[in-house]
Amino acid sequence: MASYSDVQRAVRVEKFRIWVAWFCAGLIALFAGRAVAVADIGTVGTIIQAVIGVVWLALTVTAFRMTNALNRRANAERREVLGDDYPG
């Protein structure tokens, strides 16, 4: 059986990985959306930037959903490790 600190450490690491991946994807989208080649092609560039924005929004929603699911799972694991008397 895992200890309470093992559960906390695993949750912290997974949350860090989720948000680092989100940040990196955001930077890539920002660089791609602001690239000179994309900006200079008129309507197609605007469409590409809109698609990048929608994908970034989807990634943001996914990151929050993953974090919330991880929180729920961690809470269940904490209850298992600490017993039913855990107030969280």
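Structure: above.
Residues numbered from 1 in each chain as written. Predicted model: local features only at pLDDT ≥ 70, side-chain atom pairs only at ≥ 80, totals over all residues. Heavy atoms only, no water.

Caption draft 1: Seen up close, the overall build of the protein. Looking only at helices and strands, the protein has three helices and zero strands in total. The order of helices and strands in the protein, counted from the N terminus, is α-α-α. Across the 88 residues that make up the protein, the buried fraction comes to 16%. At a minimum sequence separation of 6, the contacts of the protein that also span at least 24 residues come to 67%. With an accessible surface of roughly 6,500 Å², the protein has 66% of that area assigned to carbon and sulfur atoms. (Helix = DSSP H or I, 4+ residues; strand = E, 2+ residues; numbered from the N terminus. Buried < 20%, exposed > 50% of the residue type's maximum accessible area, 1.4 Å probe, protein only. Contact = heavy atoms within 4.5 Å. Areas by Shrake-Rupley, 256 points an atom, 1.4 Å probe, with all protein chains shown as cover.)

Caption draft 2: Local environment of the nonpolar core. Within the largest apolar cluster, six residues are counted, these being Val-7, Val-11, Ile-18, Ala-63, Leu-70 and Ala-74. Secondary-structure elements contributing two or more residues to this core are helix H1 (4-33) and helix H3 (43-82). (Core = buried A, V, L, I, M, F, W, Y, C linked by side-chain atoms within 4.5 Å.)

Caption draft 3: Up close: the packing of H1 against H3. Orientation of H1 relative to H3, taken along the N-to-C sense of each, is 180 degrees, at an axis distance of 10 Å. Considering their axes alone, H1 and H3 lie roughly antiparallel with respect to each other. Residues of the contact of H1 with H3, tallied by class, amount to 19 nonpolar, seven polar and four charged. (Axes fitted to C-alpha atoms, helices over the stretch in contact; angles between N-to-C directions. Parallel < 35°, antiparallel > 145°, perpendicular 65-115°, else oblique. Nonpolar A, V, L, I, M, F, W, Y, C, P; charged D, E, K, R; others polar.)

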